[in-house]
Amino acid sequence: PELKNFIQSGLFTLDDVSSIIVLSDGLFPPQEDFEAPLDLARIVHLIEEKGLRGLLQFVRECENNDPKCKKYVRLKKHDDATGIVIDLSS
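Here goes a summary of the coordinates provided. What you are looking at is a predicted structure, and each value in this text was computed from that prediction instead of being measured.

Along the backbone of the protein chain there are one helix and two strands. Written out in order from the N terminus, the α and β elements of the protein chain read β-α-β. C-alpha atoms of the protein chain, sized along the principal axes, occupy 45 × 35 × 20 Å. Burial status across the protein chain gives 19% buried among its 90 residues. Intrachain contacts of the protein chain at a sequence separation of at least 6 include 66% that bridge at least 24 residues. Surface exposure of the protein chain reaches about 7,300 Å², of which carbon and sulfur atoms provide 55%. Charge centroids of the protein chain, computed over 11 positive and 16 negative side chains, lie 11 Å from each other.

Below, the discussion takes up the pattern of salt bridges. Inspection of the entire model under this criterion finds five salt bridges. Linking Glu49 and Lys50 is a salt bridge whose minimum nitrogen-to-oxygen distance equals 3.8 Å. You can call Lys50 partly exposed: its relative accessible area is 39%. A salt bridge links Arg60 to Glu63; the nearest nitrogen and oxygen atoms lie 3.0 Å apart. Taken together, the residues Arg60 and Glu63, both in helix α1 (residues 40–64) and three residues apart, mark about one turn of the helix. In this structure Glu63 comes out as buried when scored by relative accessible area, which is 6%.

Glancing now at a nonpolar patch on the surface. Residues Leu14, Val17, Ile20, Val22, Ile84, Ile86 and Leu88 make up a contiguous nonpolar surface patch of roughly 520 Å² in combined accessible area. Secondary-structure elements contributing two or more residues to the nonpolar patch are β1 (19–23) and β2 (83–87).

Checked against the element boundaries, Asn65 lands in the loop between α1 and β2. Residues Asn65 and Lys77, spaced twelve residues apart in sequence, show a C-alpha to C-alpha distance of 9.9 Å.

Attention now moves to the side chain of Glu63. Of note is the side chain of Glu63, whose polar atom sits 3.0 Å from the side chain of Arg60. Excluding its chain neighbours within four sequence positions, the residues that come into contact with Glu63 are Pro30, Arg74, Lys77, His78 and Asp79.

This paragraph deals with the nonpolar core. With six residues, the main nonpolar core is built from Leu27, Ile43, Leu46, Ile47, Leu55 and Val59. The contact partners of Ile43, leaving out residues within four places of it in the chain, are Leu23, Phe28, Pro29, Leu38 and Leu55.

Thresholds applied
- What you see as residue numbers is a count from 1 along each chain, following the sequence as written.
- Where local features are concerned, this predicted model is filtered to residues with pLDDT of at least 70; where side-chain atom pairs are given and counted, the filter is 80 or more; whole-chain, interface and lining totals use all residues.
- Hydrogen atoms and water are omitted, and side-chain values are computed over all heavy atoms in the structure.
- Every helix listed is a DSSP run of H or I at least four residues long, and every strand listed is a run of E at least two residues long, numbered separately from the N terminus.
- Only protein chains enter the accessibility calculation, which uses a 1.4 Å probe. A residue is then buried if its area is under 20% of the maximum for its type, exposed if over 50%, and partly exposed in between.
- In what follows, a contact means two residues having at least one pair of non-hydrogen atoms within 4.5 Å.
- Working definition of accessibility: Shrake-Rupley area with a 1.4 Å probe, residue cover restricted to the visible protein chains.
- For the charge count, each Lys or Arg is scored as positive and each Asp or Glu as negative, with His and the chain ends excluded.
- For the purpose of locating charges, the reference atoms are NZ of Lys, CZ of Arg, CG of Asp and CD of Glu.
- Salt bridges are defined as contacts in which a side-chain nitrogen from Lys or Arg sits within 4 Å of a carboxyl oxygen from Asp or Glu.
- By definition, no residue in a patch forms a salt bridge, and every one has over 30% relative accessible area; like charges are joined within 9 Å, nonpolar side chains (Val, Leu, Ile, Met, Phe, Trp, Tyr) within 5 Å.
- Polar contacts, as used here, are pairs of N or O atoms within 3.5 Å; protein pairs need one atom able to donate a hydrogen and one able to accept it. Residues neighboring in sequence count only if both atoms are side-chain atoms.
- By nonpolar core is meant a set of buried Ala, Val, Leu, Ile, Met, Phe, Trp, Tyr and Cys residues that side-chain atoms within 4.5 Å join together.

Read these as layout, nothing more, since geometry by itself doesn't imply function.
As structure tokens, this is what we get:
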């Protein structure tokens, strides 16, 4: 029932949109402050700089350097990671 709170529908103009990024939480870089808001600008920057594969490598490296989940509080060492970037700039 809560899913309906996360779904938007309708028509949106894409005039100023250069890309659409869809990520599962497994691609969110770990944060030391678990309750801090997600830094979306950092994620976009990492994708622009490293690509999706590079983002995944970065996230896995952070997780592997914290195998006991102490620095980056989480329930397990790794989560599934899925991402899509749709480039609309051309």
